[in-house]
Structures are given as C-alpha cells and as structure tokens.
Amino acid sequence: MVKRQVPNPVELLELMKFKKPEFNGRKRRLDAALTIYDLRDIAKRRTPKAAFDYTDGAAEGELSLARARQAFEDVEFHPGILAPAPTVDTSVEILGGPSALPFGIAPTGFTRLMQTEGEEAGAGAAAAAGIPFTLSTLGTTSIEGVKAATLREPQGPVPGRNWFQLYVMRDREISYELTRRAAAAGFDTLQFTVDTPVAGARLRDKRNGFSIPPQLTLGTIINAIPRPWWWYDFLTTPKLEFASLSTTGGTVGELLDAAMDPTISYDDLAVIRDLWPGKIIIKGVQNVEDSVRLRDAGVDGIVLSNHGGRQLDRAPIPFRLLPHVRKAVGDDFTVMVDTGIMNGADIVASVALGADFTLIGRAYLYGLMAGGRQGVDRTIEILRVEIERTMRLLGVSSLAELEPKHVTQLSRLVPVGGTVAGAAAEVVAG
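Residues numbered from 1 in each chain as written. Predicted model: local features only at pLDDT ≥ 70, side-chain atom pairs only at ≥ 80, totals over all residues. Heavy atoms only, no water.

**Q** Lay out the overall build of the protein chain in plain terms, naming residues and giving numbers.
**A** The helix and strand tally for the protein chain stands at 19 helices and 12 strands. In terms of overall size, the protein chain behaves like a compact globule, its C-alpha atoms giving a radius of gyration of 23 Å where 430 residues would be expected to give roughly 22 Å. Counting only C-alpha atoms and orienting by the principal axes, one finds that the protein chain spans roughly 85 × 55 × 45 Å. Taken across its 430 residues, the protein chain has 53% of its residues classed as buried. At a minimum sequence separation of 6, the contacts of the protein chain that also span at least 24 residues come to 79%. Working note: accessible area of the protein chain is about 19,600 Å², and carbon and sulfur atoms make up 57% of it. Side chains of the protein chain carry 48 positive and 51 negative charges; the gap between the two charge centres is 7 Å. (Helix = DSSP H or I, 4+ residues; strand = E, 2+ residues; numbered from the N terminus. Rg over C-alpha atoms; globule rule 2.2 N^0.38 Å. Buried < 20%, exposed > 50% of the residue type's maximum accessible area, 1.4 Å probe, protein only. Contact = heavy atoms within 4.5 Å. Areas by Shrake-Rupley, 256 points an atom, 1.4 Å probe, with all protein chains shown as cover. Lys, Arg positive; Asp, Glu negative; His and termini not counted. Charge placed at Lys NZ, Arg CZ, Asp CG, Glu CD.)

Below is the structure:
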C-alpha cells in the first residue's frame, strides 16, 4: 500500500527550478539547435528561398547528395568494451600543420549571399577553433580580407590556417594571379579543383530565377516579407560581388560556364604546381585510377569529392570510394573526403576507413544562415561534441586508434556484377 502525505512546500520548491530566460534571440535559437539538421531548419526559416535553395540544393535530381548522406547513415559502428576513454584527443597533423579537429571548412562560393558576414565569419570561427578555412575562387571576400579576419581572431588551440581553392579559368592569367596573391598572403595549401569543366544543372536555381546579384521580382518580394532582417543586411552592407573576379550578373550556371575551361589538363596542374610554393591537393577526385595517377604525379594529397552533388548527378559516393582509394594509394598519401557530412559520427567513420581529414560545406553554411558568426561557432561545437562522444563510445582516446574494424558500411546500392570500385582498386593496387 502506498503511503501518502500532504505535499511539503519546501520539497516542492526544490523541484521547481526555473530556467533563467535568454533574451538574446539569436543565442536562444542557436542554443536550441542540437544537430546540424536543427541549424538547417533555422536557416530555412530565416533565409529567402532562392539563397537557401542555392545552398541546400544539388544537381538535377539531387541523387548524389541524397546517396552521400544515406551512405553515412548506413554505417554500423563496432565499439570496444571495457576500454575507458575518459579524455579524447581530436587533433591531427594535416599537410604540414596542426588542426584541433579532423575537419576544416570547405570552399563555398557566393557566401555573403547566405548571410552578410560571409567568409569573414567562417574564417574567424575556424581560427578560433584551430581548424583550416578554405576560401573559394568564387568567394565574396578577398584573399586579403580572409587573412585579416583570421589574424583578428584571438589565438585558438592551434594557429588558424588559410587554404585557397583554385579554379582554372579560360583566362589563365586570372588563375595565376590568384595563386600568387594567396601565396603572398600566407595561405599554406592550394585546393586545385578539377570537377567543374562546366556547370552542373542546378534546377532549383533555374526554377527560382536565382542570379548574382539577386534580382527583385514579385516572387522574391513576397518571399522577403517574413524575412526583413535578411534584406536589411543585404541592402545596408557593401555590394555583393565576387572579391576575386570582375564578372558578375547572370545565373550561376552562366557565370560558371563563362569562366571555367573544359580543356584543363595535367599541363595546367604542372603550371600551377610551379607557381605555388606550399602544399597542393586535388579536389574532385572520383575514382581509384585518378587517385593513383595523382599520387604518382607528386601532388601532396587529394580530396575525394563529387562537389557536394552539385555537378554530375549519380556521381560516385566519396565515402563509399574511400576504403578502395586508401588501399590503392597506401598509408603515406594524404586522402581527404567531403560531401554529405552532417554529423560528427560521419567524420569519425571517415577517419576509421582511412581519411586523413574531412571538409564540411553545407553544414557550415547552415550555421552561417542560422546565426552569422555565432552560427558557425555553433556548427563547429555541435560537430566537436559529436566526434568526442562517438570516440568515447567506441572506446578510443585518439583519432590514430580508429581503424576499419570500427566501421561497417551497410550497402543499399550494390553494383551489378560485383563492386566495381573495389575491383578497380584490386587491379590498380595489385
């Protein structure tokens, strides 16, 4: 029989712990975001449709992006037991320098379109966290502006680093001059991007009539009514334009097709290699054979990437390709991976299967749209907590302890006749 009593007021007061209200709306929103998908939801509410869809969308049917995210979700972890990991070390050495976490910020174009703080917010947050920030050729902040934003930041756990992403343009001298400027500004790594000979068919942008700079139509005006803060920022800050290019005006596809050159080759790589004094990695590698050829050509590393699904739809899934490339190129060649990363566990799984480093693009932009610089800080913090928790639950204290045995890739898409990528890897390696 339950014994009942008259409620004791003192005991009731002990139970009634009221949370201190947070009057800063931005901080309240960001504190409530527990995942990158939460930040995406906030970003979608606060950003005009054309700008959000440019960030969120991919090419054609967006199958590549969906498959990349699904591949990370189709991971089974294998934790060790009775293997205490009270503290974990998330730091890595990558391309001759330190990073406090096993990921950096990927290059993204038109970044001030998403939120007016743009690349300066990304570079500042990256410097504070001690991770690399990559500036795009199509960035809306100059090379020198990003360097200044990095230097303004108080010292993080390790020094802030700047990388530069390079497209080879039809006018080669533009690319050469950008290479020289980035080197002069102290950027230590060049990401030579090879998967954009022409623009992918980004259908969301076409349907939205998206252009640079944004054009006012009846639809954009109606869409702006519940988002006055975005338009206030847009209209009261410096003109949105490319910081490194003089070409503006037109759809994204038109701008890319006018600037990019489908004839780029290993000869162009050789020229840029001679111009660039630091590390050079090739971004956009999508098969085993090219990975081996690039290793043999003497580059410092590669990024397995399908451009976030924004170029060739139905392209290979970088995370699926990763183990085969690692086996083919050996342990001493730098291999990074991007596309589809939305959780710290995705990063842990990538490292376990052979990635030296990872890059985040949309995850960073969702934070930027959700809350500017503070939103980028929140993105990094969410991923950091997820990485540390996943490592502790796996029973590993450092990234070096992660091995393929910790991860199984559960397969939904199996090539007819066997695993083509795996067979290619065996041929090249053997």
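Now that the structure has been shown, we can carry on.
**Q** Outline the environment of valine 299, supporting the account with residue identities and numerical values.
**A** Tracing the backbone through its elements, the reader meets valine 299 in the loop between α15 (288-297) and β9 (301-304). When residues no more than four places from it in sequence are discounted, the contact partners of valine 299 are Leu269, Ile280, Ile282, Leu294 and Phe333.

**Q** Give a description of helix α3 (residues 36-46) that names residues and reports values.
**A** Where α3 is concerned, the buried positions are Ile36, Leu39, Arg40, Ile42, Ala43 and Arg46. For α3, the buried positions fall inside an angular range of 165° around the axis, keeping them on one side. Contacts made by the buried residues of α3 are with α2 (25-32), α4 (49-56), α12 (228-235) and α18 (362-394). If you check the start of α3, you find a side-chain oxygen 3.3 Å away from the backbone N of tyrosine 37, and it comes from threonine 35. (Arc of directions from axis to C-beta. Polar contact = N/O pair within 3.5 Å; in protein donor to acceptor, adjacent residues only side chain to side chain.)

**Q** Kindly report on a nonpolar patch on the surface, identifying the contributing residues and their values.
**A** A contiguous nonpolar surface patch, about 500 Å² in accessible area, is contributed by Leu12, Leu15, Met16 and Phe18. Assessed through its relative accessible area of 71%, phenylalanine 18 is described here as exposed. (Patch = residues over 30% accessible without salt bridge, like charges linked within 9 Å, V, L, I, M, F, W, Y side chains within 5 Å. Salt bridge = Lys/Arg side-chain N within 4 Å of Asp/Glu carboxyl O.)

**Q** Lay out the nonpolar core in plain terms, naming residues and giving numbers.
**A** Judged by nonpolar contacts, the single largest core of 117 residues is most densely connected at Phe103, Phe164, Phe187, Ile302, Leu304 and Phe319. With 14 residues, the top contributor of residues to this core is α18. With residues near it in sequence (within four places) discarded, phenylalanine 319 still touches Ala71, Phe72, Val75, Val337, Ala349, Ser350, Leu353 and Gln409. (Core = buried A, V, L, I, M, F, W, Y, C linked by side-chain atoms within 4.5 Å.)

**Q** Help me get a handle on the pattern of salt bridges, residues and values and all.
**A** In the structure shown here, the tally under the stated rule is 22 salt bridges. A salt bridge links arginine 40 to aspartate 56; the shortest N-O distance between them is 2.9 Å. Of the two residues, arginine 40 is situated in helix α3 and aspartate 56 in helix α4; the sequence distance between them amounts to 16 residues. Aspartate 56 carries the same exposure label as arginine 40, and that label is buried. Linked through salt bridges whose partners overlap, the residues forming this network are Arg40, Lys49, Asp53, Asp56, Glu62 and Arg204.

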